[in-house]
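Descriptive structure summary
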Protein chains: 2
Amino acid sequence: MKEIGLGLLGFGNIGSGVVRLLEENGDIIEKRLGAKLILKRIADVDIERKRSVAVDPSLLTTDARLVLNDPEIAIVIELIGGYEPAKSFLLAAMKNGKHLVTANKALLATQGNELFREAERLGVNLSYEASVGGTIPIIRSLKEALSANRFLSIMGIMNGTANYILTKMTDGGVDFAAALKEAQDLGFAEADPTYDVEGIDAAHKLAIVLTLAYGQRVALDEFYREGITGISKEDIDYARALGYRIKLLAIARQGRGAIEARIHPTMIPEGSLLANVNSNFNAFHLEGDASGSVFLYGQGSGMMPTASAVVGDVIDTARDLLKGVSCRVPARACPEKMIDAIILAPMDDLSTNYYFRFSVIDRPGVLSKISGILGENNISIASVIQKGRREGGGVPVVMTTHRANESDVRKALSAIDRLEIVREKTVLIRMEDPNL
Amino acid sequence: MKEIGLGLLGFGNIGSGVVRLLEENGDIIEKRLGAKLILKRIADVDIERKRSVAVDPSLLTTDARLVLNDPEIAIVIELIGGYEPAKSFLLAAMKNGKHLVTANKALLATQGNELFREAERLGVNLSYEASVGGTIPIIRSLKEALSANRFLSIMGIMNGTANYILTKMTDGGVDFAAALKEAQDLGFAEADPTYDVEGIDAAHKLAIVLTLAYGQRVALDEFYREGITGISKEDIDYARALGYRIKLLAIARQGRGAIEARIHPTMIPEGSLLANVNSNFNAFHLEGDASGSVFLYGQGSGMMPTASAVVGDVIDTARDLLKGVSCRVPARACPEKMIDAIILAPMDDLSTNYYFRFSVIDRPGVLSKISGILGENNISIASVIQKGRREGGGVPVVMTTHRANESDVRKALSAIDRLEIVREKTVLIRMEDPNL
């Protein structure tokens, strides 16, 4: 039986999962592939630390070159993460004709153009299913299964940590700080959670999805990004009362002549499938012009779910190797020379429904003043909730709107927040109806 | 730019969708593929009837041989359906070295062994994503994205018509006959609905899924199949009251040394994702040993969603052609020589929770008699609902059980149904907790 040599760069949590999966499911992988995958070498800066999986110590090295230059290694799995030395290692491996599998979303989202171009030029595969949505086959679906479609929209819960925190705030009745603490205790959130709660990780993933659906990479700072640190228990509770859930959604949508791309906390109807994605799960709701709604759900992170995606890519590449081909499916859905530039729609042009929570002094005429300013800015009110006064502070007035324009909304809120009757900065949460 | 010739067999609803999709999205398909797909010929018994899409009349023929023998046609799309002449056409096309794309689940489920073996022997692709779950990438996920996993279980809503009827009965408060009528009026159900409501269509799909997940084809009559014609509004309402929904599930599960395969109406918790698959949508809940839960959802039928899957397969095959390879991914997940036989677990060995609705005479001691027989058969009761008496007929007593054994249950019910206090055959519905 044929053998295909693998080299692993990075023996952390996911790397250990890959080693374990190759070992535990080696028999079934061999059956499906008709060949053996042999892990030849593992490189990591620390080869002393004990891992959750046992390996033959002779496989371990601190010298990545022993992976990059080994002629018996056909596929290099990069699980170091971050920008350097991961990028240099990937480029070196390509030059040596090795096919690549990576989960490195940050690197691909920011420097993917260079890496993908180089891989195509050198005729090697660069696979990255694990980089977005963990175990969920979102990359393959965009590149292959749904490749006959124009993508009308893609909405995703792309960060498990933020979703865990929002789920806890919704179901556990705790505030952001307590939910974050719980996520940290469970290992779902880092000591510094910025990357997850500010939507940076989701932005990396959205950038990758945008390229697959619409074309050339866009810089991360070109699209709107807002995290969940401003979400209070109060807004979670009002959302519930209105029949909604708040989720951190990454949204890409085909507009007229331009692509909408944005990440922000979003109120979605409680009956929609996305609203029922709980805990640290990820999910994607795609609308294809032919397929209609497609919904994909699974673990977006974690040792074994991510390893499942990584080894899936390895099997895929091995199948190419057994047939003597490469770059069969373009790494970015289109061959390099066919990739379009993406024209992003300005955030100011967004048209959607909005939720506002005003904090006002309880005085006659307040509601009329606020609704007057909204009206002047073409914003029409769909519902209002006004409850009893609070000790000391302002009284909350909650409104939802019909479809309104983002720049009109900003203008109106800036005028409202300057009113003397307004006690705190108005909270704004965008609403979407995935209609699913 | 390279051109790849396509031939279409069957110009019905799905065929028209394929023609329309190739035309409407030809530009984007060309970009992704880096080549042109050219529809060379369409064969159908009726080329006079008006279709929803306009085609150049010179493409149309009633002679399938003009497709099967045209050297300019590299990929043949079979959308005739049924057994003959579809099977003969597929075999003839293979012999001419043509790659095949089909949506023909009935044929693949019953005669797939022969067709797949022959395709592998002749070195041509035989793709069939559209045959199960319509637009949902379930076949690709089992064969590729999740190929590093052992599949612990696969539960699916695989028939849109049955799901539409059950949704109507649940949300619309109508009985089976009225819901069926509505489905027929909307074109979701055939005049003779047997195929859908008796679970035969779902059985074809389950047979295909079983092969992909576990091995060699099993005959359809080897696994348990029960349709939805016995589901009454009363049971739907009791399910609701208990916090459940009734869905027609096709279930495959890896047991100890044997595979469970069965299709039957199933009570699942209302909060689970599968319970929230409504109308005519399909969905699959997979459990991989590494991936954990993966949930895939979309349109299981319909002109354009099915065309999306068909053309996705065509693009996939075209990518192989452009690289000069075929059979890169085995049509049945494993190469022919590696495929295992499937050993099915007898239905009698099933262990699950049950819902019973007894119809009894309202008389002291009835409950004790029934629960006595259940106890003697190792069936332990989890909950009981007994409501007021009905005019004339028996009184309904509803019970759910803890985990019990199917053969014990059958024994107990057969004893209970012989009791003189029992007025009608007891209704049995199996329960599952997809835990998702």
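Look up a bit, the structure's there.
Each helix and strand in chain A was counted, giving 14 helices and 17 strands. The C-alpha radius of gyration computed for chain A amounts to 24 Å, which stays within 12% of the reference 22 Å derived for 436 residues, consistent with globular compactness. Viewed in the frame of its principal axes, chain A has a C-alpha envelope of about 80 × 45 × 35 Å. Sorting the 436 residues of chain A into buried and exposed places 60% on the buried side. Of the contacts made within chain A by residues no fewer than 6 positions apart, 74% connect residues no fewer than 24 positions apart. Of the roughly 16,200 Å² that chain A leaves accessible, carbon and sulfur atoms contribute 49%. A distance of 2 Å separates the average location of the 50 positive side-chain charges in chain A from that of its 55 negative side-chain charges.

Relative to chain A, chain B is turned by 180° and slid 0.0 Å along the rotation axis, the superposed coordinates differing by an RMSD of 0.0 Å. On this basis, the relationship between the two copies can be described by a two-fold rotation axis. Identified as the residue of chain B closest to the rotation axis by C-alpha distance is Leu296(B), at 2.4 Å.

The next subject is the interface of chain B and chain A. Opposite the 61 residues of chain B that make contact, chain A presents 61 residues. Scanning the region where chain B abuts chain A turns up 8 salt bridges. Here Arg328(A) and Asp316(B) are joined by a salt bridge, their closest N and O atoms 3.1 Å apart. If you look at where chain B meets chain A, you find 30 residue pairs in polar contact (both at pLDDT 80 or more). Broken down by element, the side of chain B that touches chain A gets its largest block of residues, 10 residues, from helix H12 (residues 303-323) of chain B. Within the side of chain B that touches chain A, the residues separate by chemical class into 31 nonpolar, 14 polar and 16 charged.

Let's shift gears to the packing of aromatic side chains. Under the counting rule described, the total for this entry stands at 13 aromatic pairs over all chains. Relative to Tyr128(A), the ring of Phe116(A) has its centre 5.2 Å away and its plane inclined at 55°; by these criteria the two rings are tilted. Of this pair, Phe116(A) sits in helix H5 (residues 105-122) while Tyr128(A) sits in the loop between strand S6 (126-127) and helix H6 (138-145), and the two are 12 residues apart along the sequence. Assigned by exposure class, Phe116(A) and Tyr128(A) land together as buried. Relative to Tyr297(B), the ring of Phe295(A) lies with its centre 6.3 Å away and its plane at 85°, an arrangement referred to as edge-to-face. Of this pair, Phe295(A) sits in strand S12 (residues 292-299) while Tyr297(B) sits in strand S12 (residues 292-299), each in a different chain. Within the aromatic cluster, the residues linked to one another by ring pairs are Phe281(A), Phe295(A), Tyr297(A), Phe281(B), Phe295(B) and Tyr297(B).

Residue and element names in this part refer to chain A. Closest axis-to-axis distance for the H5/helix H10 (residues 200-214) pair is 9 Å, and the angle between their directions is 55°. Here H5 lies oblique to H10, going by the angle between them. The handedness of the crossing between H5 and H10 comes out as left-handed. Between H5, through Lys-105, Ala-106, Leu-108, Ala-109 and Thr-110, and H10, the contact on the second element is made entirely by Asp-201, His-204, Lys-205, Ala-207 and Ile-208. For the contact of H5 with H10, a count of residues per class yields 5 nonpolar, 2 polar and 3 charged.

To continue, consider the side chain of His264(A). Note on placement: His264(A) falls in strand S10 (residues 259-269). Ignoring anything within four residues of it in the chain, the contact list for His264(A) reads Tyr224(A), Glu226(A), Lys247(A), Leu248(A), Leu249(A), Ile251(A), Met347(A) and Arg430(A).

Before going further, it helps to examine the sheet that holds strand S3 (residues 60-61) of chain A. Residue and element names in this part refer to chain A. Spatially, 6 strands are ordered S3-S2-S1-S4-S5-S6 in an open sheet, and the strand pairing comes out parallel. Two strands lie at the open edges of the sheet, namely S3 and S6, each paired on one side alone. Alignment of strand S1 (residues 3-9) against strand S2 (residues 36-43), held across 7 bridges, turns out to be parallel. Across the sheet, the residue bridging to Glu-3 is Lys-36, located in S2.

Reading guide: rules and limits
- Residues numbered from 1 in each chain as written.
- Chains lettered and ligands numbered in written order.
- Predicted model: local features only at pLDDT ≥ 70, side-chain atom pairs only at ≥ 80, totals over all residues.
- Heavy atoms only, no water.
- Helix = DSSP H or I, 4+ residues; strand = E, 2+ residues; numbered from the N terminus.
- Rg over C-alpha atoms; globule rule 2.2 N^0.38 Å.
- Buried < 20%, exposed > 50% of the residue type's maximum accessible area, 1.4 Å probe, protein only.
- Contact = heavy atoms within 4.5 Å.
- Areas by Shrake-Rupley, 256 points an atom, 1.4 Å probe, with all protein chains shown as cover.
- Lys, Arg positive; Asp, Glu negative; His and termini not counted.
- Charge placed at Lys NZ, Arg CZ, Asp CG, Glu CD.
- Least-squares fit on C-alpha atoms with pLDDT ≥ 70 in both.
- Salt bridge = Lys/Arg side-chain N within 4 Å of Asp/Glu carboxyl O.
- Polar contact = N/O pair within 3.5 Å; in protein donor to acceptor, adjacent residues only side chain to side chain.
- Nonpolar A, V, L, I, M, F, W, Y, C, P; charged D, E, K, R; others polar.
- Phe/Tyr/Trp six-rings, centres within 6.5 Å; stacked < 30°, edge-to-face > 60°.
- Axes fitted to C-alpha atoms, helices over the stretch in contact; angles between N-to-C directions.
- Parallel < 35°, antiparallel > 145°, perpendicular 65-115°, else oblique.
- Left-handed = near helix turned anticlockwise from the far one by under 90°.
- Pairing = 2+ DSSP bridges.

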